[in-house]
Amino acid sequence: VLSFIIFICYIASSAASFMMAPLLEFLLALFLFFAYASKLNEKFKGLYWPLSDFLRCVTAAIIYFAISIAAVSKYSDGASKAAGVFGFIATIVYAIDFYITFNDLVTFLKQGTSSPPEGRKSD
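Residues numbered from 1 in each chain as written. Predicted model: local features only at pLDDT ≥ 70, side-chain atom pairs only at ≥ 80, totals over all residues. Heavy atoms only, no water.

- Going by what an unreviewed UniProt entry lists, the chain is known as CKLF3 protein and is assigned to Nothoprocta pentlandii.
- Among the UniProt annotations of the chain, the heading Subcellular location (unreviewed entry) holds the following wording: "Membrane". (UniProt positions renumbered as here; feature names shortened; annotations may be inferred.)

See the structure below:
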């Protein structure tokens, strides 16, 4: 929801060149939400779902931080300032999500390495 609000603010502002990043983050978050809701993560075991969510959080936090600094410092209209402020809030939200997802990723990777390899079972 926050990404969509930022997208709308960038459309209404003079910093419309930044609108692609929140739109892509919104669509990617929407895809992962529906993927988890429809249990696609259980059907496609070859894709490391926690890792993809982790990478999405890291890139979103970095991108939102960068474009928020540019929007607040370079543009003077109210919509750009609002998008920048919401961008900083989104940076904090994605950083918290990054921390939570990192813990899930570590748990997921420990599950995969706890079982012995196939070649060592005969030993």
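Comments concerning the overall build of the chain
Piece 1. Counting its secondary structure elements, the chain contains five helices and zero strands.
Piece 2. When the helices and strands of the chain are read in sequence order from the N terminus, they spell out α-α-α-α-α.
Piece 3. Taking 14 Å as the expected radius of gyration for a compact globule of 123 residues, we find that the chain reaches 19 Å, considerably beyond that expectation.
Piece 4. Dimensions along the principal axes, computed over C-alpha positions, put the chain at roughly 70 × 25 × 20 Å.
Piece 5. Out of the 123 residues belonging to the chain, those deemed buried represent 28%. (Helix = DSSP H or I, 4+ residues; strand = E, 2+ residues; numbered from the N terminus. Rg over C-alpha atoms; globule rule 2.2 N^0.38 Å. Buried < 20%, exposed > 50% of the residue type's maximum accessible area, 1.4 Å probe, protein only.)

Description of unusual backbone geometry
Piece 1. Positive phi is not limited to glycine here, since Lys39 has a value of about 60°.
Piece 2. Looking at the secondary structure, you find Lys39 in the loop between α2 (20–37) and α3 (40–43).
Piece 3. Residue classification places Lys39 among the partly exposed residues on the basis of a relative accessible area of 44%.

Observations regarding the side chain of Ser3
Piece 1. The topology assignment puts Ser3 in helix α1 (residues 2–12).
Piece 2. Among the polar contacts made by the side chain of Ser3, one reaches the side chain of Tyr64 at a distance of 2.8 Å.
Piece 3. Ignoring anything within four residues of it in the chain, the contact list for Ser3 reads Pro22, Glu25, Phe26, Tyr64 and Tyr94. (Polar contact = N/O pair within 3.5 Å; in protein donor to acceptor, adjacent residues only side chain to side chain. Contact = heavy atoms within 4.5 Å.)

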